[in-house]
Structure formats: C-alpha cells, structure tokens
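Here's the letter readout for the chains.
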Amino acid sequence: MALNLIKRLSSGTAPYFSLAALLLVLAYLMSAATEDSSRLNDLFLIIFGLGVLCLILLTAILIRSLLRLYRDFKREEVGSRLTVRLVSLFVLLILVSTTIVYSFSVHFLHRGINSWFDVNVEQALDDALDLSRSAFGIRMRTLLRQTKMMSGVLRDLPEGDLNHSLRELNQLSGALELSVWSIDGQLITASIENPAIMVPAKPNEAIFRQLQQQQDYISLDPGDNGELQLRAAVLMQKKLPSHPEDLVLQVLFPVNERLSSLGKTVQDAYTDYKELSYLRKPLITIFTLTLSLIVLLTVLTSIWFAVWISRRIVQPLQELADGTQSVASGNYNTQITVAGHDEIGFLVRSFNQMTQRLTQSRNATQRSHRLLEQQTNYLGAVLGSLSSGVITLDDKQFLKTANVVSSTILDINLQHRLESPLNKLAENQGHLQDFIQMIFVNIQQHSSWQQQLDLYPGKRHQTLMCRGTPLPSESGWVIVFDDITTLIQAQRSAAWGEVARRLAHEIKNPLTPIQLSAERLQHKYLPLLPEGQTEPLNKLTNTIIQQVDALKEMVNDFSDYARNPELQLSNCIISDLINNVLALYQSNSKHEISLLDGSPSLTVKLDSNRFRQVLHNLIKNAIEASEEAGLSVVVELSYDAIQYNHNKWLELKVRDHGPGIPENMISKLFEPYATNKTKGTGLGLAIVKKIIEEHQGIVWAENIHPDGACIMIRLPLEDSTP
Amino acid sequence: MDFIMSAYDIVKRFVLFSVVLLLSSGSIADGFKVQSAQVRKVGNGYILNANIEYPLTPRVKEALSNGVPITFQQQLELSHSTSLLVKLWQWETILWTSTLRYELRYHALSEQFVLKALDTGHHRNFPSLASALSALGTISSLNLPPEYLSDTDGLVLKIRSGLDLHALPTPMRPGALISTKWQLTSPWTIATWP
C-alpha cells in the first residue's frame, strides 16, 4: 500500500507540483503557528508532525528515485551518465547554497533573539526593582511603626470604644481600612474608608502564622487593577472577654498614586523582560526547528525536483542518442517526439528533418540504384546477345566487365577474372599472350584502333578482329572483338566455289572436242602409217585421251564442288544408309571396313544421295591415307545420338588407323587443295564439309592416340527422334 | 565555528525533540493529587470541601519565578451512574461540569505570589509559593448546583486538577505539551457523599 503510494507519487509531473504546493502551505502554516497571536499556536505540534511525516515520505521517494538512477547508471543505460552528472551538480548547488543560507539564518536567528537581551538592561531593571523596593521599604517601615502605635493606642482602650477609636484612627492615619481580627481569623471590628466595601480583606493564613510567631507583617500588595497598597498586621497584645485569643490589627495603607504608577511600570517591565529572557531558549528552539524542517523539506524537494528535471532534460537527449544509434544501424525512418521550443526541441526538430532528408535521399539512391541495375541488366542483356566479345578495362588495365561471348571466344571464363589485372589473364593461358600484348601496345596511342589477330588456342586456328575505343575522360577502354575464322573460311570457300564453277565452265567445254579430235586422229591416221610408226601416234593420242579424261574427272569434281543443288531431304535409317555404302567396299578383302554397333532404328532427315557421297569421300580418304603410308586399311564407322548444347545430334565417326593428320593441316583439312596426298583432286573433304554444312551440321578432324585419325560429323536430329 | 556549533546544537535538539515526540506517551512525573473530596449537606444544599496537593516540578517553578503566569484548572464533573447487567457495566450520564481556573504569578516588586481566580477576577496575595499553593488546593464550601441534587442516589462527583498548558506563552507551549515535566494533571477522584 505504502509502496504503491510512493510509486504513484514519484511518477508523472503532477505530484511534483502538488508536493511543492503542499510544502508551501506547510511552510506557511508552520511560520504562522510560531507567531504569538496566531490561532494556529495550538496546532503547532500537529503541523510539525505533518511536516516530519512529509519529510519521511519525501525521503522514501527520494531514495527510490536515487536508487533507480543508480541502477540505470550501473546498467549503463543511455543518458544515465548525464543524468547522474546533472543531479550531482544540482545537489551540490542545492546543498552548498542551502547550507550557507541555513547557517546564516540560524546564526542571525540566534544573534537576533539574543540581541534583544542586554546585560546592562537586565542590570538596570534589577536595580530599578531594588530601588523601588527600597523606596517602598522606607514607607513600609514607617507605616509598620504607625500601625504599632495604633495597636498601642487600641490596646489600652476598653472593648466598647474599640470601634469608635478605630474610625478615628482611620481618619487620622489616612489608611484605607483598619480591621481587628482574632488570631484564628475571626473579624472583631473594622473601619473601611470606602463605603462601597462592606467586608474588609481577610489576612491570609500565612499572615496569621507569621504573627503567631510574634513577627509583625508588612507587605506591598498588588491590587485588583494592578494598583499597589500596603498591608501591615501586628499583634495587639490584647484579649477581649468575648474573644480570649490574641487580637490582630491589620491596616491597609494606600500608596501614592505616582509611586504606585512607577512601581507598576517597573514591575511590568521587569516581569516582561524576565519572561522574555526565560522564553528565549524555547523561542530559539522553536524557530530553529521550524527553520530546519522547512530547509530539510526544501532541500529534499529540490533534490527530488533536480532528479526529475534532470531526467526531463536528458530524456530528449536520450531519445536523440537512441535515434542516432538507430540511424547508425540503418533505420533512417526514426522520428523523435518534439520536446519543446527550446534548443533541445530545435535539436530534435533538426534531427527529424535530417532523418527525413536521409530517408528521401536513401529512397532516391535506391531508385537510382534500381535504375542503374536495370540499365546494367539491359546493357548486360544487349552485350550478352552480341556475337562479338566485349570487354572493358579501367585506366589501370584492370578487367571491369566482360560479356559471355568474350569468354566463349577467348576460351577462358572472364566472369571469374573481373577486377583482376589484364596481364594476369595470360597466366596458364598461353594462347592469350598475343591478344593481351596487342591490347597493351594499342592502348598506348590513346585513340581508337583496329587490328586483326591470329590465335592458336589448343590445336585450332582462330582469327580475331579487335577494335579498341577509349572511354570518356580516359577512364579506360572498351575492346570489341569478333571471331572471324568462320567468316574467312566461308569467304575462302566462296572463292573456291567461284574458281570451280569457272573451271567447270571454261575448261570442260573444250575438253570434249580435244578428246574427239585425238580419237579422230588415231582412228583416221593410224591405218595410214607404216607398221613400225603406229606405236608413237597410238601412244601420243592415248596420252591425250587419258589426260583429257583426267582433266574431265577433275573438272567434274570442280563441278560437283561448285554445284549447289537443292537438298532432297527424306527420313533415312542411318544404319541402312551406312551399310549400303559399306557393301560397295566389301569386295576388297584387304580392306577391313566395319560399322560398330549403334542404335539400329536411328532415323535422320537428310539427302541420302549427297550423304552417300560424304561417306564415300570419307572412306576413300581413310583408305588412301592408310595405303599411302603402307599400313593395313582398317576403317571403323560408328554413330550415336547425343545431347549437346541443349540439342540432339547424330554423331558419326569415321576412324582409320593410318598415320594421322599433320598438326598444321588439321585446321585447313577441309579447305580445297589442302592435302598432302599424292592422289585425288584435294576437293574430297572440302565437298564433305560443304554437304555437311548444307545439312546444318559440323565436321572436324582429330588425331587419335596412339594411331590414326578420326573425322567427326554432327548432324541435327529431329526432337521426336529417339 | 559558531555556525557549526549552532547547527550541531540544532540537530541534537531536533533528534531529542523527535525522540521525545515519539515517547511522549511514556511515564508521567509525580503530578497533582486530590487528597480528599467530601460533599456535605448544609441546609437544603450540598457543598464540596476538597484538598488538592500541588507538588510543582522544578521546571514549573523556574517558569513561575521567571514571571511566566501558570494557569491551574480544577475540573468538577457530576454524573449519574446507572448499573446495567448487575454492576458489570455502568452507564454514566454527565449532568454538570465546571472548571475553576486560577492564574498564579510571581509579583517581583512585592515579592508576593498573586493567585487570581480567572472566573471571578478575585485575587489573593501570598508571601510564599507554598502558602499560595496551599490556598489554591483548599476548596471549601463550594456550592453544588441544587437542580441536580434532589436525589443523590447514583450521583457521582469527580474532581481533578491540572495545568492549562494552552495558556502558556507560545514558545513554551510545544515543549510543555510533550514534556513529562509539565504533565501534572491528577487522576479523576470521586468525592465522598454524606
């Protein structure tokens, strides 16, 4: 219950102001209660008790606040260090200032109250009192003697005259009242000057006791209104028959009005001073206690307020710190609640603006990044779809970009070598040495360049056409290169085709008249010649006829090469086709030509006549190669359906066990007249290549270890073909 | 140095004050005592004679000698007691109460103690404190209100006396209210009936 109350009181802002107001009221009440004439005097203790209760409550709340602050500090929470520093500073200021003010207040309180009292004044008052007493003393002694004389006079009188004599003595002496009493307090007779007073003032027991001890009594008596009168009482040494006890004469004398007034003044001043002097200590105690309580309450409230205000000051800074951390960790959307219109509020607003701007610029950057990415992807797609290789270098000759085709052309994965220096590309890739050397040489001239280059990757020959263009601001180079090997070969094939066509056309026509003329010469003039001379003519004309035949054969070959008939495509079972061709070569027992096992039902769409020519040319080529080398003719054919480059292909291999193909011939093997054989026109393999390419296929040659060579043919298969 | 001493003194006083405040309900010094109280029938009425002893503590005497007037009060309470449940439980109805207030002060000039009845304004002078207290403590022939005394069966007259601390000067009051040296009120004493 009490903990809940403390918890509720120490959270939020309202309790602080409520408590401050309560303490103000309490301070006012306490100060009012210490005033002399206040009605709150009697409530002082209650108010003070309330103050002490407040003090205890405040101490508990403050301890809780400080403990919470200490806990935050220990946990190193954001802002706790600054809060502790601020609180320490506030507390120091509060304690120092309050201690000084409190010490001076207490000091002045003591000095102020003590300064009311002065030794000289006190002495003067004592002296005044003594003087007054002395002044009255003389008069008292005189009056006592006078009373004794009256007593002597009355003593000798008979009882009957007592009353009368008393009145006379009263008039003579000027006394206020004369009365005769028995020693046990019985009134005998009296004479009172004031007719309004019926009964004389009775001497009290103390007077009677004193008189019983034979001591006369004289005293200064304060009256009802503060005026003074003198009371004298003596034993009369006389006994009446009606009253056997001793009689007492009491006389009340008036005091001179001036003297009475002076005496009263001295008495009042002395009493007031004495009382005030006596009350000095409790007065100081009360004031000091009140002051101490108020100061303690103020100090505790101030410290509590210091903790609160420090937390309030630090809170936006704490939020700012959190926000900054949040921004540092990449969350730019952080917004902080604006604390107020002071500098911290300005800071918070600036922070919010900053984060807004950051968010905007981040969004803009992201948009630009996306745009750039799109453009890069677009460019990548464009570059990727190019048939040319494109690479870019930076100003330090580091490889920046490379499209897919560049890797294919250079037969090296450039994507894995991005951001590496250009000269490192040639490591373990000897065939790139010339390419890189050419780039290094050409980029020295700082202008666009173009150069054709021959490379020898593996055992192939490759011709590249390279073009270099410097990028703007000399930030690097873009180098574009095309593999023009196929183009050059095509050009060469076209040229050969043109030559062949012309040969066929220009040479074939005169050959028949030449042959016919030679036969006519032989037929017409051979009978006319003598027996012994016919032989040379016969030999000469036969030579002409044979050579013309040979020329014809050659021209026919050229004609075949140049011929470009439309393909008569039909579905053929490849095994049947091969076997039909092989059957023509079975007659020669020295030749071992065989078809290895393959799928018997594999069907290919092709022009069967032209493909037979291909097979003839290849088998003939293999036989001739082995025979020329004096080796036994062993030719093996094999075929299979394969999956290559996402397409189905028929792969046909024709392998011999001859000497193999010289290395420098392999790349030119399928060009016309690229032969090292003694026989043949040099067009056999060129025709093979032509026909295969007409079928959208490819052909190439490989040497086989340990002996022989292999011609490889790939023809596209229909998708439905198994 | 003076500040430090003052502060120390104040703290000491504050602690003592708090302790006294907390223990104020503790033991009480020897206080006033009603020695005797008798009701006597005189004619048709009743009078009270009582004797009260006023042993003053040195603190009270000191205040008196320093000119502080001390107010005494004598409280009388007349009630009718009815027995319920065979004397196990008494039901009391207060019929009449009266407080007699006297102020005692020291008159320095005359060296007399002045006892003043605050209700009547009548004052008496005494040469000594003892005689003043003796006179104060003697209640003789105090008339009791006759309207309640037609039937004295079950009537109870109680008397007690004490100091009126609220009449003390303001600075002394808090200290006196919590100090045992000022708590001298006598217990209620039942007067005897004829």
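Shown above is the structure to which this text applies.
Here the structure is a predicted model, which is why all the values come from computation and not from measurement.

**Q** Looking at this structure, I do not really get the nonpolar core. What am I missing?
**A** As a rule of thumb, nonpolar side chains are buried together in soluble globular proteins. By size, the foremost hydrophobic cluster in this structure holds 84 residues, and its most contacted members are L48, I70, F72 and W182 of chain B. A per-element tally of this core places helix α5 (residues 119-155) of chain A first, with 8 residues. Residues in contact with L48 of chain B, not counting those within four places in the same chain, are A37, Q38, V39, L76, I139, S140, S141, L142, L144, L157, I159 and A191 of chain B.

**Q** How do you make sense of the interface of chain A and chain B when you look at a structure like this?
**A** By convention, interface size is frequently given as the accessible area that disappears when the constituent parts associate. In this assembly, 47 residues from chain A lie in contact with 39 residues from chain B. Summing the contributions of chain A and of chain B, the shared interface buries around 3700 Å²; its carbon and sulfur component is 68%. On the chain A side of the contact with chain B, L45, P222 and Y278 of chain A bury the most area, a combined 18% of that side's loss. Run the count over chain A and chain B and you get 1 salt bridge. At the boundary of chain A and chain B, one finds 11 residue pairs in polar contact (both at pLDDT 80 or more).

**Q** Looking at this structure, I do not really get unusual backbone geometry. What am I missing?
**A** When glycine is set aside, most residues are seen to have a negative phi, and most peptide bonds are trans. A cis geometry characterises the amide bond from H705 of chain A onward to P706 of chain A, with omega recorded as 5°. As for its placement among the helices and strands, P706 of chain A is situated in the loop between β16 (698-703) and β17 (709-716). The phi dihedral of Q696 of chain A falls on the positive side, at around 65°, and the residue is not glycine. The class for Q696 of chain A is exposed, based on a relative accessible area of 60%. Positive phi outside glycine occurs at E111 of chain B, with the angle close to 55°. Here E111 of chain B is to be found in the loop between β4 (89-107) and β5 (112-117). A relative accessible area of 42% means that E111 of chain B is categorised as partly exposed.

**Q** Is there a simple way to explain the pattern of salt bridges in this structure?
**A** Two side chains with opposite charge may pair up if their charged atoms get near one another. Summed over the entire model, instances satisfying the criterion amount to 20 salt bridges over all chains. In this structure, D72 of chain A engages R311 of chain A in a salt bridge whose closest nitrogen and oxygen atoms are separated by 3.5 Å. Of this pair, D72 of chain A sits in helix α3 (residues 44-74) while R311 of chain A is found in helix α8 (residues 257-328), placing the two residues 239 residues apart along the sequence. Overall, the relative accessible area of 24% leaves R311 of chain A in the partly exposed class. One network of salt bridges, in which partners are shared, links D130 and R133 of chain A together with E111 of chain B.

The rules behind each value
Residues numbered from 1 in each chain as written. Chains lettered and ligands numbered in written order. Predicted model: local features only at pLDDT ≥ 70, side-chain atom pairs only at ≥ 80, totals over all residues. Heavy atoms only, no water. Core = buried A, V, L, I, M, F, W, Y, C linked by side-chain atoms within 4.5 Å. Buried < 20%, exposed > 50% of the residue type's maximum accessible area, 1.4 Å probe, protein only. Helix = DSSP H or I, 4+ residues; strand = E, 2+ residues; numbered from the N terminus. Contact = heavy atoms within 4.5 Å. Buried area = accessible area lost by both parts, 1.4 Å probe. Salt bridge = Lys/Arg side-chain N within 4 Å of Asp/Glu carboxyl O. Polar contact = N/O pair within 3.5 Å; in protein donor to acceptor, adjacent residues only side chain to side chain.

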